[in-house]
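As a plain string of letters, each chain reads:
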2 protein chains.
Amino acid sequence: MSHPISPLAPERLPDLPVVAGVRFATAETGMRYRDRPDLLLAAFDPDTSVAGVFTQNAVCGHPVTWCRQILPRGRARALVVNAGNANVFRGAEGDAAVRREAEAAAAAVGCEPQEVFVASTGVIGQRLDADRIASHLPRLAGQLQPDAMVAAAHAIVTTDTFPKAAVKRVTVDGQEVTLAGIAKGSGMIAPNMATMLAFLFTDARVEAAALQDMLQTAAGRSFNCVTVDSDTSTSDTLLCFATGKAGNGPITAGSGPFARVLEELCIDLAIQVAKDGEGAQKLITVSVSGGDDDRSARTIAMSIANSPLVKTAIAGEDANWGRVAMAVGKAGVPVDPAALTIAFGGIAVARDGGAVADLDEAPVTAHLKGRDVAIDVVVGRGSGKARVWTCDLTHGYIDINGSYRS
Amino acid sequence: MSHPISPLAPERLPDLPVVAGVRFATAETGMRYRDRPDLLLAAFDPDTSVAGVFTQNAVCGHPVTWCRQILPRGRARALVVNAGNANVFRGAEGDAAVRREAEAAAAAVGCEPQEVFVASTGVIGQRLDADRIASHLPRLAGQLQPDAMVAAAHAIVTTDTFPKAAVKRVTVDGQEVTLAGIAKGSGMIAPNMATMLAFLFTDARVEAAALQDMLQTAAGRSFNCVTVDSDTSTSDTLLCFATGKAGNGPITAGSGPFARVLEELCIDLAIQVAKDGEGAQKLITVSVSGGDDDRSARTIAMSIANSPLVKTAIAGEDANWGRVAMAVGKAGVPVDPAALTIAFGGIAVARDGGAVADLDEAPVTAHLKGRDVAIDVVVGRGSGKARVWTCDLTHGYIDINGSYRS
């Protein structure tokens, strides 16, 4: 099943750099898709540190369970990703499949299975043919190339309408380091359970514990601030691999320029995921300020971003701020309607518990006709703030998700 | 804006009885709709007790604020309901409008304003012309009829595709009493903020405190178990009026046959609301058992019923149980995938953390092609259970909500 490319898609992938110590190879297994790569093997040089953030869904994929187990070692030598089958809810058989993948990759690249990270996305509940994946890995190990990140970005997508990648550079104690990332996903869960995956690669030397701190913080301000349909997938996986080839002194703190740029990279990729939201015609940025605290502001922002009525109103280019007020009110955190301000595109439409008198709706409607829609809410209680991204809710979402799995 | 009648609509309204002590009159104000009644006045004989349950939305309508203020008196003589304008988020002007309605109705029927309950549904944030409503009330007071409940059911609808009513009878200490109710709503919030309203009338004599206990319990098992789009309206109002004309000894306890039948009445009306969900093609009953407790089971049931991916799968008649497993997992309560059972139409499709082997999907698909879809989940942890109702998510929802307010 393929869908028209999102009108919010970037014109082209950025130029993807070589990240010293990282190599890629891809293959077509034909397990679910035809005539497209659906299997990625990435290999990392020794001493590559790793950090990871995973779905909070209690019914999580078997690959997520595996990654959580091996993550505390903080070391990675390989990554195996397949597209089309999520390997979720398969019991002991599902765990065995992941182990089979890890052992085959370990043998192919020469490391321990516990240094092999695995991610799968696609349909939930179907048996994953791990033997078939394993049969491709020895050949892929012989084809690993440092300059194949573009192929990697294409190999991990499922129902995405465009591949997603981003690059940042930053100087760490006089040494420029590179951060590059690829992501896939067109919904927290997309049709047939395609899922958000993001893999970040850097040549910086970063201690695993510091990398984990920075990645968790960055995820909280990027991927965890994106919602397409409020459905949390079983397989969301964010991994960052640091090869240490740049020659910088090891980064041991969870803050600083590297942490800032890592967050920028995550936000860049997260917004690309929102732009590829199922049926998306508009990117919606919801900013909330004046909350009791950041957590409260985020709860309100997510309540707005998850409201089907707000999202359909934006799809209809309707300055229906009453629906935004409704979504603020239902968020379950203290709000004072009389202190509430709601703005579209920076133009206040409601203030102090009532509509803005004699509002000229023309500029508001003009803003809503664009591809980038901004909803700003001032709660008027404290200094808490939050920003989240979503997309509008259109017929495309129903088309994509109402169709049969097969 | 009118939409095709829901295929789930009952063939006809039930025969609505006269409830001794209750009279109705309706009018066409032309404020928003043309050629249809949009204003209801109901009058109650002296000594009518009242109970009410209202929206939990922190941004609530001005009529809700008023009803909450006067409810503790436990007495009602009149009810005024208009359709098309919700009188929400209008500041002091909105409160003054409600007071104007209450004073005009009080003068017309001869009671205190604090004995007049008011409900409004329609667009949020627009000025309500209370003078125009008040101008109709004296004439309506002269036209009150005991046998006009059918007209009342039609006057309160907004974007509903069919009027909703139900009748029950029960014997209380040897005396048969009648309970009848009318409701409107095609979403927790429907297009243009149409909202769930339900008004129940009985000739039983019930102490206000007991009536309030029984109504809150019944609401928790009926209206609060319905979701169409997860959006909680600003104006939801459930009121029960008991005239005491049946001659039964006063009901003073919150339980017993009357409480049971009151709950049945509420469930009947609540299911009718779900059946008129925006774009609904199928009624979905989600039953969860084996939860840690009832609250936990309800959280899981609502997570399933609110999942856009589950609802679109049902719309597509797709036995996509993986999406149900996802919704269970994201509910935020403890679950053990290995103990989870998922069934469609009573046929288990997943059990013990995996798909049911060699499942014949034919009978499952046949069930999903029907109008009434049952999703049963056994969590396998405790004895908590819950049952909620929703509808499928179709193009009709986008059509209705993506169109402009005017």
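Residues numbered from 1 in each chain as written. Chains lettered and ligands numbered in written order. Predicted model: local features only at pLDDT ≥ 70, side-chain atom pairs only at ≥ 80, totals over all residues. Heavy atoms only, no water.

Section: the nonpolar core
Piece 1. Counting residues in each nonpolar core, the largest one holds 175 residues, and the members touching the most others are Phe258(A), Ile304(A), Ile375(A), Phe258(B), Ile304(B) and Ile375(B).
Piece 2. The greatest single-element share of this core, amounting to 12 residues, is contributed by helix H6 (residues 257-275) of chain B.
Piece 3. Look past the residues within four positions of Ile304(B) in its chain and what remains in contact with it is Val286(B), Val288(B), Val310(B), Val324(B), Ala327(B), Val328(B), Ile375(B) and Val377(B). (Core = buried A, V, L, I, M, F, W, Y, C linked by side-chain atoms within 4.5 Å. Buried < 20%, exposed > 50% of the residue type's maximum accessible area, 1.4 Å probe, protein only. Helix = DSSP H or I, 4+ residues; strand = E, 2+ residues; numbered from the N terminus. Contact = heavy atoms within 4.5 Å.)

Here we look at helix H1 (residues 62-70) of chain B
In an α-helix, one turn spans 3.6 residues; hence positions three or four apart end up facing the same way.
Piece 1. For H1(B), the complete set of buried residues consists of His62(B), Pro63(B), Val64(B), Trp66(B), Cys67(B) and Ile70(B).
Piece 2. On its buried side, H1(B) packs onto strand E3 (49-54), helix H2 (91-109), strand E5 (116-123) and strand E9 (237-242) of chain B.

What to know about the confidence of the model for chain A
Residue and element names in this part refer to chain A.
Piece 1. Scored by pLDDT, chain A comes out at a mean of 88, with 95% of its residues at no less than 70.
Piece 2. Predicted confidence for residues 188-194 stays below pLDDT 50, and this span has 46 contacts to residues more than four positions away or in other chains.
Piece 3. In the predicted complex, the global pTM is 0.81; the interface-specific ipTM is 0.77. (pLDDT = per-residue confidence, 0-100.)

With respect to empty space enclosed by the protein
Residues and elements named next belong to chain A.
Piece 1. Scanning the model with the defined rule gives one cavity of 30 Å³ or more in all.
Piece 2. A volume near 30 Å³ is recorded for the largest cavity.
Piece 3. Taken together, Val310, Ala313, Ile314, Asp318, Asn320, Arg323, Val324 and Phe344 make up the lining of the largest cavity.
Piece 4. For the lining of the largest cavity, the elements supplying multiple residues, two or more each, are helix H8 (308-315) and helix H9 (321-329).
Piece 5. Considering each element in turn, the lining of the largest cavity owes the most residues, three residues, to H8. (1 Å grid on protein atoms, 1.4 Å probe; cavity = no way out; pocket = protein on both sides within 12 Å on 5 of 7 lines; lining within 4 Å. Points joined across faces, edges and corners; volume = space filled by probe spheres on them.)

Overview of the sheet that holds strand E4 (residues 78-85) of chain A
Residue and element names in this part refer to chain A.
Piece 1. If you trace the four strands from one edge of the open sheet to the other, you get E1-E2-E4-E5, paired in mixed fashion. The outermost strands of the open sheet, each flanked by one partner alone, are strand E1 (22-27) and strand E5 (116-123). In this sheet, adjacent strand axes meet at a mean angle of 15° when their direction is disregarded.
Piece 2. Examined bridge by bridge, E4 and E5 share eight bridges and lie parallel to one another. Considered in E5, the bridge of valine 80 is made with valine 118.
Piece 3. Strand contacts of helix H3 (residues 130-142): E1, strand E2 (39-44) and E4, with the helix running at about 50° to E2, the strand carrying the most contacts. (Pairing = 2+ DSSP bridges. Axes fitted to C-alpha atoms, helices over the stretch in contact; angles between N-to-C directions.)

Some remarks on the pattern of salt bridges
Piece 1. Applying the stated criterion across every chain yields a total of 26 salt bridges over all chains.
Piece 2. Shared partners join several salt bridges into a network, and the residues in it are Asp160(A), Lys164(A) and Asp276(A). (Salt bridge = Lys/Arg side-chain N within 4 Å of Asp/Glu carboxyl O.)

Topic: the packing of helix H5 (residues 208-220) of chain A against helix H6 (residues 257-275) of chain A
All names here are of chain A.
Piece 1. Remark: H5 packs on H6, axes separated minimally by 9 Å, with the N-to-C direction vectors making an angle of 40°. When the axis of H5 is compared with that of H6, the two are oblique. Helix-helix and strand crossings are classified by hand; for H5 and H6 the assignment is right-handed. Side by side, H5 and H6 meet where Leu211, Met214, Leu215 and Ala218 of the first sit next to Phe258, Ala259, Leu262, Glu263 and Cys266 of the second.
Piece 2. Of the residues contributing to the contact of H5 with H6, the split by class is eight nonpolar, no polar and one charged. (Parallel < 35°, antiparallel > 145°, perpendicular 65-115°, else oblique. Left-handed = near helix turned anticlockwise from the far one by under 90°. Nonpolar A, V, L, I, M, F, W, Y, C, P; charged D, E, K, R; others polar.)

Brief notes about the environment of Ala357(B)
Residue and element names in this part refer to chain B.
Piece 1. On the secondary structure map, alanine 357 appears in the loop between strand E13 (354-355) and helix H10 (361-368).
Piece 2. What makes alanine 357 exposed here is its relative accessible area of 59%.
Piece 3. Along the chain, alanine 357 and phenylalanine 162 lie 195 residues apart, while their C-alpha atoms are 43 Å from each other.

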